[in-house]
2 protein chains.
Amino acid sequence: MKLSTKGRYGVKAMLDLAIHSAEGHIALKNIAERQDLSEHYLEQLIATLRKAGLVKSIRGAQGGYTLAHEPSEITVGEILRALEGSLAPVDCVLENEPADCVYSSKCVTKKIWMKIRDSINQVVDSITLQDLIDEYNELNKSEGYMYYI
Amino acid sequence: MKLSTKGRYGVKAMLDLAIHSAEGHIALKNIAERQDLSEHYLEQLIATLRKAGLVKSIRGAQGGYTLAHEPSEITVGEILRALEGSLAPVDCVLENEPADCVYSSKCVTKKIWMKIRDSINQVVDSITLQDLIDEYNELNKSEGYMYYI
DNA sequence: TTTAATTCCTACCTCATTACTCGGTTTTCA
DNA sequence: TGAAAACCGAGTAATGAGGTAGGAATTAAA
């Protein structure tokens, strides 16, 4: 039940973008350096995020990335699902195209997996990038930029 | 974010044991046949459950397994954590011995992983085997044993 | 108009884990 | 004493995770 680095790095990258959004579009190189991630690997992740419509890119020299929407309009759930796929703990309870099972809907344990899935979605869909920015700023205001992403 | 077969098979096996508890101790072979699982593989899983104190074994001919406690005293969370380890989505928020991270407690994203972890635990710890038995019996009472584990 | 910075794209690689199988040994009931 | 069962440790094939490598396309700036 672990999140892969895709999801974790993706949230970090998106929050980094959000926090530095005042600087306009931002080169992947800068995000990778600040967050200590492989630039080449991050490239693949942000390609996924771009195809999911969560970031916009500007090509060429001085190019870079920006969020496609306001931070308050982007949830952690959208980011995680774009990179990890469904957060369902078992394929028989995927939101779309659940894996078919001989036991179909007549299964008691399936209800457990649905509850887990729903509670995870409920948590991640209730957290927006703006919430994270606010928390980051609030904590750093009193502590002097000791907090990280 | 997928549960492995260990956790899924483990819950099935435990619920099978619970439902057939009136028959006394039950051979692994029977569980494996009813639930359509590899007997040899299940053997490894139930060894873990035994070491975790969730089932008791009786060796020799006519031996088998029984639940170590009442179904109402065994939660899905205990079963899953015994077989899967912590359900924390990221190692930095493991309940005991969280992986140390340079960003230690000064990390905004870490709070997301804690919320996910807590909500998963809250769900699985609130479901006991007795709850599953009751649901199984209730559904089958009206539908005539159409429901599965 | 060239150069450098940057995004975009496809392929490949290595390692750890998952989901088992295999072949026994030990224990105990009938 | 034989068969049925739990117990045990090793091996194995497939899969996915977490990258790396190398370049092509695009564009601002010199």
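Attention here is on the structure that accompanies the text. Think of each chain on its own: its residues are numbered from 1, step by step along the sequence as written. Whichever chain is written first becomes A and whichever ligand is written first becomes 1, with later ones labelled in order. Only residues with pLDDT of at least 70 are given local features in this predicted model, and only at 80 or more are side-chain atom pairs given and counted; all residues enter the totals for whole chains, interfaces and linings. Where side-chain values are given, they derive from all heavy atoms of the structure, hydrogens and water being excluded.

### Here we look at the relation of the copies chain A and chain B
Consideration 1: Copies overlap after least-squares fitting; the atoms used are the C-alpha atoms of residues with pLDDT of at least 70 in both. Mapping chain A onto chain B leaves a residual RMSD of 0.0 Å; the transformation is a rotation of 180° accompanied by 0.0 Å of translation along its axis. Seen this way, the second copy is the image of the first under a two-fold rotation axis. Among all residues of chain A, the minimum C-alpha distance to the rotation axis is found for M1 of chain A, at 2.3 Å.
Consideration 2: An overlap of 100% is found between the interface residues of chain A and their copies at the interface of chain B, pointing to a shared contact surface. Residues are treated as being in contact if the distance between any of their heavy atoms lies within 4.5 Å.

### Details of the nonpolar core
Consideration 1: Among the nonpolar cores identified, the biggest contains 89 residues, and W113 of chain A together with W113 of chain B are the most heavily contacted of them.
Consideration 2: With residues near it in sequence (within four places) discarded, W113 of chain A still touches P89, V90, C92 and V93 of chain A together with L3, R8, V11 and L80 of chain B. By convention a nonpolar core is built from buried Ala, Val, Leu, Ile, Met, Phe, Trp, Tyr and Cys residues, the set being connected through side-chain atoms within 4.5 Å. Exposed residues in this analysis have more than 50% of their type's maximum accessible area, buried residues have under 20%, and partly exposed residues fall in between, with area computed by a 1.4 Å probe over protein chains only.

### Some remarks on the pattern of salt bridges
Residues and elements named next belong to chain A.
Consideration 1: Salt-bridge detection follows one rule: a side-chain nitrogen of Lys or Arg within 4 Å of a carboxyl oxygen of Asp or Glu. Within this structure, the stated rule accounts for 11 salt bridges over all chains.
Consideration 2: The residue R81 makes a salt bridge to D125 at a minimum N-O spacing of 2.8 Å. In this pair, R81 is assigned in helix α4 (residues 76-84) and D125 in helix α5 (residues 108-125), connecting sequence segments 44 residues apart. Runs of E in the DSSP output that reach at least two residues are strands. Runs of H or I that reach at least four are helices, and both are numbered from the N terminus.

### Quick notes on the protein's contact with DNA strand D
Consideration 1: Here a residue counts as near a molecule or strand whenever at least one of its heavy atoms sits within 4 Å of it. Around DNA strand D, 26 residues are found, and the nearest of them are H40 and Q44 of chain A together with E43, S57 and Y65 of chain B.
Consideration 2: Sugar plus phosphate, as a fraction of atoms of DNA strand D within 4 Å of the protein: 62%.
Consideration 3: At 3.5 Å from a base oxygen of DNA strand D is found a side-chain nitrogen or oxygen belonging to H40 of chain A.
Consideration 4: Residue A61 of chain B places a main-chain N or O atom 3.3 Å away from a base nitrogen belonging to DNA strand D.
Consideration 5: Counting residues per element, the ones that place at least two in the surface near DNA strand D are α1 (5-19) and α3 (39-51) of chain A together with α3 (39-51), β1 (55-58) and β2 (64-67) of chain B.
Consideration 6: Among the elements that line the surface near DNA strand D, the one with the most residues is α3 of chain B, at 4 residues.
Consideration 7: Under the scheme applied here, ten amino acids are nonpolar (Ala, Val, Leu, Ile, Met, Phe, Trp, Tyr, Cys and Pro), four are charged (Asp, Glu, Lys and Arg), and all others, including Gly, are polar. Looking at the surface near DNA strand D, its residues break down into 9 nonpolar, 13 polar and 4 charged. Between N or O atoms, a polar contact is any pair within 3.5 Å; within protein, one atom must be a potential hydrogen donor and the other a potential acceptor, and residues adjacent in sequence are included only when both atoms are from side chains.

### Structural notes on the interface of chain A and chain B
Consideration 1: Contacts between chain A and chain B engage 43 residues on the former and 43 residues on the latter.
Consideration 2: A combined buried area of about 3900 Å² lies between chain A and chain B, and 72% of that area is made up of carbon and sulfur atoms.
Consideration 3: Of all residues in chain A, M1, K106 and V108 of chain A bury the most surface against chain B, accounting for 21% of the area lost on that side.
Consideration 4: Scanning the region where chain A abuts chain B turns up 3 salt bridges.
Consideration 5: When the shortest N-O distance is used, the salt bridge between K111 of chain B and E135 of chain A registers 4.0 Å.
Consideration 6: Our enumeration of links across chain A and chain B arrives at 11 residue pairs in polar contact (both at pLDDT 80 or more).
Consideration 7: At the level of secondary structure, the elements contributing two or more residues to the side of chain A that touches chain B comprise α1, α4, α5 and α6 (129-143) of chain A.
Consideration 8: Element by element, the count of residues in the side of chain A that touches chain B is highest for α5 of chain A, at 11 residues.
Consideration 9: In the side of chain A that touches chain B, the residues fall into 28 nonpolar, 4 polar and 11 charged. A quick way to say it: buried area is the sum, across both parts, of accessible area lost when two parts are put together, with a 1.4 Å probe.

### Structural notes on the protein's contact with DNA strand C
Consideration 1: Neighbouring DNA strand C are 26 residues; E43, S57 and Y65 of chain A together with S38 and Q44 of chain B lie closest to it.
Consideration 2: Counting only the atoms of DNA strand C within 4 Å of the protein, the fraction contributed by sugar and phosphate is 60%.
Consideration 3: Take E43 of chain A: an N or O atom from its side chain is 2.6 Å from a base nitrogen of DNA strand C.
Consideration 4: Separating a phosphate oxygen of DNA strand C from a side-chain N or O atom of S57 of chain A is a distance of 2.4 Å.
Consideration 5: If you list the elements that add at least two residues to the surface near DNA strand C, you get α3, β1 (55-58) and β2 (64-67) of chain A together with α1 (5-19) and α3 of chain B.
Consideration 6: Of the residues assigned to the surface near DNA strand C, the class counts are 9 nonpolar, 13 polar and 4 charged.

### A closer look at the state of the cysteines
Consideration 1: The disulfide definition used here is simple: a pair of cysteine sulfur atoms within 2.5 Å. Per the stated rule, a full pass over the model turns up 0 disulfides over all chains.
Consideration 2: C101 of chain A takes part in no disulfide bond, and the closest cysteine sulfur to it belongs to C107 of chain A, at a distance of 6.1 Å.

### Some thoughts on the pairing of β1 of chain A
Residues and elements named next belong to chain A.
Consideration 1: The sheet contact formed by β1 and β2 spans 4 bridges and is antiparallel. Looking across to β2, one finds that V55 is bridged to L67.
Consideration 2: Paired strands, as defined in this entry, are two strands with at least two bridges between them according to DSSP. Between the end of β1 and the start of β2, which pair antiparallel, lie 5 residues, with G60 showing a positive phi angle near 85°.

### Description of unusual backbone geometry
Consideration 1: Of note, D36 of chain A is a non-glycine position whose phi angle comes to about 55°, a positive value.
Consideration 2: Looking at the element boundaries, D36 of chain A is found in the loop between α2 (28-35) and α3.
Consideration 3: Of note in this structure, Q62 of chain B is not a glycine but carries a positive phi near 65°.
Consideration 4: Along the chain, Q62 of chain B falls in the loop between β1 and β2.

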